[in-house]
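The residues making up each chain are set out below.
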There are 2 protein chains.
Amino acid sequence: MNPLNEPPPVALPETGSPLYERLADHYRRVIAAGTLAPGDRMPSVRALMSQHRVSLSTAIQVFRSLEDAGWLQARPRAGYFVRRAPASRLANVAEPEIPSLAEPARYVGLHERISRVIERAQAFPDALNLGGATADAMLYPTQRLQALASRILRRRPTLLTEVGEDGGAIELRQAVAKRALSSGVSVAPDDVLVTSGGVEAVNLALRAVAQPGDTIAVESPAFFGLLQILESLGLRALEIPTSPTTGLSLEALDIASTACPDLKALVVVPNLQNPLGCVMPDARKAELVQLCARRGVALIEDEPYRELVESSEPARPLKAWDRDGGVIYCASLNKVLAPGMRLGWMASGRWQARVRLLKFAQTRHNESLAQLVAAEFIGSGAYDRHLHQLREKLRTQREASADAIGRYFPAGTRLSLPPGGLLLWVALPEGASSDALFEAALPHGIRLAPGSIFSNSDRFRSFIRLSCPAPFDYRIDTALRQLGTLAAELGRSA
Amino acid sequence: MNPLNEPPPVALPETGSPLYERLADHYRRVIAAGTLAPGDRMPSVRALMSQHRVSLSTAIQVFRSLEDAGWLQARPRAGYFVRRAPASRLANVAEPEIPSLAEPARYVGLHERISRVIERAQAFPDALNLGGATADAMLYPTQRLQALASRILRRRPTLLTEVGEDGGAIELRQAVAKRALSSGVSVAPDDVLVTSGGVEAVNLALRAVAQPGDTIAVESPAFFGLLQILESLGLRALEIPTSPTTGLSLEALDIASTACPDLKALVVVPNLQNPLGCVMPDARKAELVQLCARRGVALIEDEPYRELVESSEPARPLKAWDRDGGVIYCASLNKVLAPGMRLGWMASGRWQARVRLLKFAQTRHNESLAQLVAAEFIGSGAYDRHLHQLREKLRTQREASADAIGRYFPAGTRLSLPPGGLLLWVALPEGASSDALFEAALPHGIRLAPGSIFSNSDRFRSFIRLSCPAPFDYRIDTALRQLGTLAAELGRSA
Ligand SMILES: Cc1ncc(COP(=O)(O)O)c(C=O)c1O
Ligand SMILES: Cc1ncc(COP(=O)(O)O)c(C=O)c1O
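Conventions and cut-offs
Every residue gets a number counted from 1 within its own chain, in the order that chain's sequence is written. Each chain gets a letter, beginning with A, and each ligand a number, beginning with 1, in the order they are written. Only residues with pLDDT of at least 70 are given local features in this predicted model, and only at 80 or more are side-chain atom pairs given and counted; all residues enter the totals for whole chains, interfaces and linings. The basis for every side-chain value is the complete set of heavy atoms in the structure, and neither hydrogens nor water enter the calculation. In DSSP terms, a helix is any run of H or I states spanning at least four residues, a strand is any run of E spanning at least two, and both are numbered starting from the N terminus. The globule rule is 2.2 Å times the number of residues to the power 0.38, and the radius of gyration it is compared with is taken over C-alpha atoms. Categorising residues by exposure relies on relative accessible area from a 1.4 Å probe, with only protein chains included: less than 20% of the type maximum marks a residue as buried, more than 50% marks it as exposed, and the intermediate range marks it as partly exposed. Any two residues having at least one pair of non-hydrogen atoms within 4.5 Å are treated as being in contact. Areas reported here follow the Shrake-Rupley algorithm with a probe of radius 1.4 Å; residue values treat only the protein chains shown as occluding. The working definition used for a salt bridge is a side-chain nitrogen of Lys or Arg within 4 Å of a carboxyl oxygen of Asp or Glu. For a helix, the expected span equals 1.5 Å multiplied by the residue count minus one. The nearness test applies per residue and asks whether one of its heavy atoms lies within 4 Å of the molecule or strand. The definition of a polar contact used here is a pair of N or O atoms within 3.5 Å, where within protein one atom must be able to donate a hydrogen and the other to accept one, and adjacent residues in sequence count solely through side-chain atom pairs. Where each domain begins and ends is defined by an automated method or by a domain database. Note: buried area is the sum, over both parts, of the accessible area (probe 1.4 Å) each one loses when the two are combined. What makes two strands pair is DSSP finding at least two bridges between them. Ring pairs shown here join Phe, Tyr and Trp side chains whose ring centres sit within 6.5 Å, with only the six-membered ring taken for Trp; geometry is labelled stacked below 30 degrees between planes, edge-to-face above 60, and tilted in between. Here, a charge over a ring is recorded when the distance from Lys NZ or Arg CZ to the ring centre is within 6 Å and its angle to the ring normal is within 35 degrees. Confidence scores here are pLDDT values: one per residue, from the predictor, ranging 0 to 100. Polar here means any residue outside two lists: the nonpolar Ala, Val, Leu, Ile, Met, Phe, Trp, Tyr, Cys and Pro, and the charged Asp, Glu, Lys and Arg; Gly therefore counts as polar. For this overlay, a least-squares fit was computed on C-alpha atoms, restricted to residues scoring pLDDT of at least 70 in both copies. To obtain each axis, a line is fitted to C-alpha atoms, and for helices this fit is confined to the stretch in contact; angles are then taken between N-to-C directions over 0 to 180 degrees. Small angles under 35 degrees read as roughly parallel and large ones over 145 as roughly antiparallel, with 65 to 115 read as roughly perpendicular and the rest as oblique. Handedness of each helix crossing follows the sense of rotation of the near helix against the far helix: counterclockwise by less than a right angle gives left-handed, clockwise gives right-handed.

## Focus: the overall build of chain A
(1) Moving on: Along chain A, the regular secondary structure elements total 15 helices and 17 strands.
(2) Moving on: For a compact globule of 494 residues, the expected C-alpha radius of gyration is about 23 Å, and chain A comes in at 23 Å, within 12% of that figure.
(3) Moving on: For the C-alpha atoms alone, the extent of chain A along its principal axes is close to 70 × 55 × 50 Å.
(4) Moving on: Buried residues in chain A amount to 59% of all 494 residues.
(5) Moving on: Here the contacts in chain A between residues at least 6 apart in sequence split such that 74% fall between residues at least 24 apart.
(6) Moving on: Roughly 19400 Å² of accessible area belongs to chain A as shown, and the carbon and sulfur atoms make up 52% of that amount.

## With respect to the pattern of salt bridges
(1) Moving on: Going through the model one piece at a time under the given rule, you end up with 39 salt bridges over all chains.
(2) Moving on: For arginine 179 of chain A, the salt bridge identified is with aspartate 384 of chain A, shortest N-O distance 2.9 Å. Of this pair, arginine 179 of chain A sits in helix H6 (residues 170-181) while aspartate 384 of chain A sits in helix H13 (residues 382-408); the two residues are 205 residues apart in sequence, bridging distant segments of the chain.
(3) Moving on: Residue aspartate 384 of chain A is classed as partly exposed on the basis of its relative accessible area of 44%.
(4) Moving on: Salt-bridge contacts for arginine 295 of chain B lead to aspartate 254 of chain B; the nearest nitrogen and oxygen are separated by 2.8 Å. Placement of arginine 295 of chain B in helix H10 (residues 282-295) and of aspartate 254 of chain B in helix H9 (residues 250-259) is noted, with a sequence separation of 41 residues between them.
(5) Moving on: Aspartate 254 of chain B gets classed as partly exposed once you look at its relative accessible area, which sits at 31%.
(6) Moving on: Through salt bridges with shared partners, one network takes in Glu310, Glu392, Arg395 and Arg398 of chain A.

## Focus: helix H15 (residues 474-493) of chain A
(1) Moving on: Between its first and last C-alpha atoms H15 of chain A spans 29 Å; for 20 residues at 1.5 Å apiece the expected length is 28 Å, and the two agree.
(2) Moving on: Taken residue by residue, H15 of chain A has Ile476, Asp477, Ala479, Leu480, Leu483, Gly484, Leu486 and Ala487 of chain A as its buried positions.

## Notes on the site of ligand 2
Residues and elements named next belong to chain B.
(1) Moving on: Of all residues adjacent to ligand 2, which total 14 residues, the nearest are Asn274, Asp302, Tyr305, Ser332 and Asn334.
(2) Moving on: Between asparagine 334 and ligand 2, the recorded distance is 2.6 Å, taken from a side-chain N or O atom to an oxygen atom.
(3) Moving on: Within the side chain of arginine 342, an N or O atom sits 2.9 Å from an oxygen atom of ligand 2.
(4) Moving on: Alone, ligand 2 offers 390 Å² of accessible surface; in the complex the protein occludes 95% of this.

## Thoughts on helix H10 (residues 282-295) of chain A
All names here are of chain A.
(1) Moving on: For H10, built from 14 residues, the straight-helix expectation of 20 Å at 1.5 Å per residue is met to within 8% by its first-to-last C-alpha distance of 20 Å.
(2) Moving on: Taken as a whole, H10 has its buried residues at Arg284, Lys285, Ala286, Leu288, Val289, Leu291 and Cys292.
(3) Moving on: On the buried face of H10, the contacting elements are strand E8 (247-248), helix H9 (250-259), strand E9 (265-268), strand E10 (298-303) and strand E11 (327-332).
(4) Moving on: At the exit of H10 stands glycine 296, carrying a positive phi of roughly 70°.

## Some thoughts on the domain arrangement of chain A
Residue and element names in this part refer to chain A.
(1) Moving on: Domain assignment breaks chain A into domain 1 (3-82) and domain 2 (140-382).
(2) Moving on: Here domain 1 and domain 2 have C-alpha centroids that lie 34 Å from each other.
(3) Moving on: Counting from both sides, the interface comprises 4 residues of domain 1 and, opposite them, 5 residues of domain 2.
(4) Moving on: If you sort the residues of domain 1 by the area they bury against domain 2, Glu21, Arg64 and Asp68 come out on top, with a joint share of 78%.

## Some words on the sheet that holds strand E13 (residues 414-415) of chain B
Residues and elements named next belong to chain B.
(1) Moving on: Read from one edge to the other, the open sheet built from 4 strands follows the order E13-E14-E17-E16, with strand pairing classed as antiparallel. The open sheet terminates on both sides in strands that have one partner only, identified here as E13 and strand E16 (449-450).
(2) Moving on: Bridging between E13 and strand E14 (residues 423-427) involves 2 bridges; their strand directions are antiparallel. Across the sheet, arginine 414 pairs through a bridge with alanine 427, a residue of E14.

## Some details on the packing of aromatic side chains
(1) Moving on: Following the criterion strictly, the structure yields 18 aromatic pairs over all chains and no others.
(2) Moving on: One aromatic cluster is present, formed by Phe223, Phe224, Trp425, Phe454, Phe460 and Phe463 of chain A through successive ring pairs.
(3) Moving on: The cationic tip of arginine 364 of chain A hangs over the ring face of phenylalanine 360 of chain A; the distance from NZ or CZ to the ring centre is 3.9 Å.
(4) Moving on: Looking at arginine 316 of chain B, its charged tip hangs above the ring of tryptophan 321 of chain B, at a distance of 4.8 Å from the centre.

## Quick notes on the side chain of threonine 413 of chain A
All names here are of chain A.
(1) Moving on: By secondary structure assignment, the location of threonine 413 is in the loop between H13 and strand E13 (414-415).
(2) Moving on: A polar side-chain atom of threonine 413 sits 2.7 Å from the main-chain carbonyl oxygen of proline 410.
(3) Moving on: In this structure, threonine 413 is in contact with Leu90, Ala91, Ile405, Val426, Ala427 and Pro429, ignoring residues within four places of it in sequence.

## A few points about the confidence of the model for chain A
Detailed conclusions should not be drawn from predicted coordinates in areas where pLDDT is low.
All names here are of chain A.
(1) Moving on: Confidence in the prediction of chain A, expressed as mean pLDDT, is 90, and 93% of residues score 70 or more.
(2) Moving on: In this model, residues 1-11 is a region of pLDDT below 50 whose contacts with residues beyond four sequence positions or in other chains number 15 contacts.
(3) Moving on: The ipTM for the predicted assembly is 0.85, set against a pTM of 0.86.

## Brief notes about the site of ligand 1
Residues and elements named next belong to chain A.
(1) Moving on: Ligand 1 sits among 14 residues. The nearest are Gly198, Asp302, Tyr305, Ser332 and Asn334.
(2) Moving on: Note that an oxygen atom of ligand 1 is positioned 2.5 Å from one of the side-chain N or O atoms of serine 332.
(3) Moving on: Here an oxygen atom of ligand 1 sits 2.9 Å away from a polar atom, N or O, in the side chain of arginine 342.
(4) Moving on: Against a free-state accessible area of 390 Å², the protein chains account for coverage of 95% of ligand 1.
(5) Moving on: The greatest single-element share of the shell around ligand 1, amounting to 3 residues, is contributed by helix H7 (residues 197-209).
(6) Moving on: Taken together, the residues that form the shell around ligand 1 break down as 6 nonpolar, 5 polar and 3 charged.

## Structural notes on the relation of the copies chain A and chain B
(1) Moving on: Rotating chain A by 180° and translating it 0.0 Å along the rotation axis places it on chain B, where the RMSD comes to 0.1 Å. Given the turn and translation reported, the copies of this chain are related as if by a two-fold rotation axis. Minimal C-alpha separation from the rotation axis in chain A is found for serine 150 of chain A, amounting to 2.7 Å.

## Things to note about the interface of chain A and chain B
(1) Moving on: Residue-level contacts link 54 residues of chain A with 54 residues of chain B.
(2) Moving on: With both chains or domains summed, chain A and chain B bury close to 4300 Å², and 62% of this area falls on carbon and sulfur atoms.
(3) Moving on: If you look at where chain A meets chain B, you find 0 salt bridges.
(4) Moving on: In this assembly, chain A and chain B are joined by 22 residue pairs in polar contact (both at pLDDT 80 or more).
(5) Moving on: Among the elements of the structure, helix H4 (110-122), helix H5 (142-155), H7, helix H8 (224-232), helix H11 (352-363) and helix H12 (368-379) of chain A are those that each provide at least two residues to the side of chain A that touches chain B.
(6) Moving on: The dominant element in the side of chain A that touches chain B, judged by the number of residues it contributes, is H5 of chain A, at 7 residues.
(7) Moving on: Of the residues assigned to the side of chain A that touches chain B, the class counts are 25 nonpolar, 20 polar and 9 charged.

## Here's the deal with the packing of helix H4 (residues 110-122) of chain B against helix H8 (residues 224-232) of chain B
All names here are of chain B.
(1) Moving on: Taken N-terminus to C-terminus, the directions of H4 and H8 make an angle of 140°; their axes are 8 Å apart at the nearest point. The angle between H4 and H8 places the two elements in the oblique class. The interaxial crossing formed by H4 with H8 has left-handed handedness. Contacts between H4 and H8 pair Leu110, His111, Ile114, Ser115 and Ile118 from the former with Phe224, Leu227, Gln228, Glu231 and Ser232 from the latter.
(2) Moving on: Looking at side-chain class alone, the contact of H4 with H8 contains 5 nonpolar, 4 polar and 1 charged residues.

## Topic: the sheet that holds E13 of chain A
Residues and elements named next belong to chain A.
(1) Moving on: One open sheet accounts for 4 strands, arranged E13-E14-E17-E16; its pairing is antiparallel. Among the strands making up the open sheet, the edge pair consists of E13 and strand E16 (449-450).
(2) Moving on: Strand direction decides the pairing type here: E16 and strand E17 (residues 463-467), joined by 2 bridges, are antiparallel. Bridge pairing in E17 places proline 450 opposite isoleucine 464.

## Quick notes on the environment of valine 30 of chain B
Residues and elements named next belong to chain B.
(1) Moving on: Mapped onto the elements, valine 30 comes out in helix H1 (residues 19-32).
(2) Moving on: By relative accessible area, which is 12% here, valine 30 ends up buried.
(3) Moving on: Here the alpha-carbon distance between valine 30 and leucine 230, two residues 200 residues apart in the chain, equals 41 Å.
(4) Moving on: If sequence neighbours within four positions are ignored, valine 30 has contacts with Thr35 and Leu36.

Spelled out as structure tokens, the structure:
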């Protein structure tokens, strides 16, 4: 019996979001509740139209959005099916409490604490690294890039021995500007500044908009590298609660930016947030850009993972809604194309002149060869084919790992399966210490990222971030079983 | 008649410097005065010993030091001869006045002023660039590096697609640490941090030792890039008078560091200072390290040109005298090996841990391929052969340009021929404006660096820095003649 042939059992919530989103939300709950199980066929487009009295285009949007979020899978000529969701026996990670606003705190000592964790992990170089955020070399177009590099060097023999172009090679600036168009961002090659990875871009953005002592809003939990950057620049951070499904809480940001009128900037990862893996819905992205513009808060958008989002259309960056140059867009090629080339780029809106001065004074232009290799690859059809394969592989890896976590971890473990990327954010059962698990795992040859490094508070002390960098195999399965056993032991002794 | 067969006409000055240096100084004056002319044979070692009653080793040291400084040339089996000094009809640049201590000033606006000059010059991309500080690609081992890069990529196919080593590739850290030994510096590969050029190294050093608002001593004139770094970091600079022949005035530094007890650091280019081209005598280097250690001033040593000094032994860095980790050594491969690879490295003494944290937070590790190429080249005998050729070519280029300046520039022009590198620091006749000459030269297709960008004062407004990046040819000769004509016209209209 298909429960959906009856009239909708619940009224759709009366929020400000568009109809298709409320409908999609409704089906998400139906699936999460198990009413529609993995493998079940979804009602047809026609059924949706008649049952909810919506137009064809709304019905199609509902399917698209559910597919994009990984809930449905289209099978050619057979319709939509509920995705096999192996981790579904794990409950989703809980939503944060909004009023828990932290004090803006200068992160004195956090930098060193994080560095100690990184160093401690590096002391086990042969360990299986589930603590990183980069996929294995074999998932990137190794051979193709190598061949390109050799060819470009033959064509431009003086590349290594002549001074490169200020601001970055024009070829790369053109290639990324052209590509940005398809995600709704219109920048000229001259607006693009090539950087040493996303990390340098975020550094420059922060240095351009803030002075030491200023307060910056960040997601909570946030990428630990960002917390290190803030501390190293003498900036104070205000942690804003962030939902594992819809991202930064706009409500909390609203409160915070009122309470803290001299808030200089917000740094946010709207697509596949690290560590949560969430993607902000488009409507919230638009709202966020407007809110920051109204409050005069610079919006620093950090996008290393955007092209890893699984969706039919390219995931949209905040910059697509930027009307007055208030968004500084920071991209990275390290996660999507080539971790060894250390390339990133940024489009800095109204801070462009200052950012260029700072980049020139900080590191000059980047080395040229990698830029030309990246430009040629991105400009070719090979890039889209590569991304398609990469996303497929990462999905398989994520699902297999989530499956294993479901099998091996103690009851009470929670996990939200993200719609892309390689990171899983796992909540251990109440009271478990992820620092202890981190330490216990190292002698077993397993590296993971403990939740404590993603915040200055102790809110994430029982979370771990596990990555799925390589095809799932016996070694990974064994490691996850070992972790599950260790987590259970720590839970009992706690 | 050889005037030196008589007893020494003047008593040697009773300064604290060693005997051989005072003797060498005496001969420098004799040559500068024209008593010994270019092409003249120097008295023999034996003659020196008996005349000045000095030991064999002192006499040899005198010859070495005169040869190193470019005054003498050894001809096999014929003895030492006074170097053909084509620019000798130009008087040396005058020594600075010591008491002219500037106020520590935050360089507000200097950064932009310098950037405007750079941008203005870049608006003439086809101009002959005599304003840079990098030699032409043809002077570097282009083919060899290109072949190495392709070979290394074949051997290590995942180089572009795997995460590199924190702190830099071990191969490069080993190669530069080993090489540093021969200049008297003993660092372990683990003490070495690879950076994005010398500019990033100096940035990190300053960020490690100082906070915004702090005061930093710099040479006057100083590399404009350093002034930009200081402004971008919110640091205040105290300009210390610097001699065109012996470098930073220790007397002035002594006064300054007493008057300004919270002086945090000194940034100095002891070998081939930019723009002056001077090399500090070893005795002064030792004294400088001691002075800074006594005063608790961090010594940031910026060495992009050290390996371009013409001398029989490698020029010694300040770091060779460092006893307590108070010297941060910053090196660059961009001027000596490969401008397109954007590589530098640093050894940070007692600030090492902090510098590593800052580098990690600022740009992560460098891209690997260039590092491995550099490591392999530096580790081979090819590097020394390349440096030898590069120094020879640069000397020929410098001398030919100085010659042309002597021919074409108005009377009253002064110039000190430096013992290495590619930069000439030229004093125009009294009252001439180098900013005006810079502007006037652009429409003629000539770029130069006006003295105004090397200081926050207007002390160098009638100086220009001219570089000799390529083999001297008709185009350069024509450009220098044009510059001379323009300088004369500006002089008349002033
Ligand atoms: C959110 C986020 N921003 C930035 C970065 C750093 O990017 P890159 O390696 O390009 O410097 C990372 C890497 O983990 C990240 O997760
Ligand atoms: C004195 C000095 N320091 C540092 C640099 C910058 O070096 P790099 O190109 O390695 O960043 C230069 C370049 O002109 C310089 O002259």
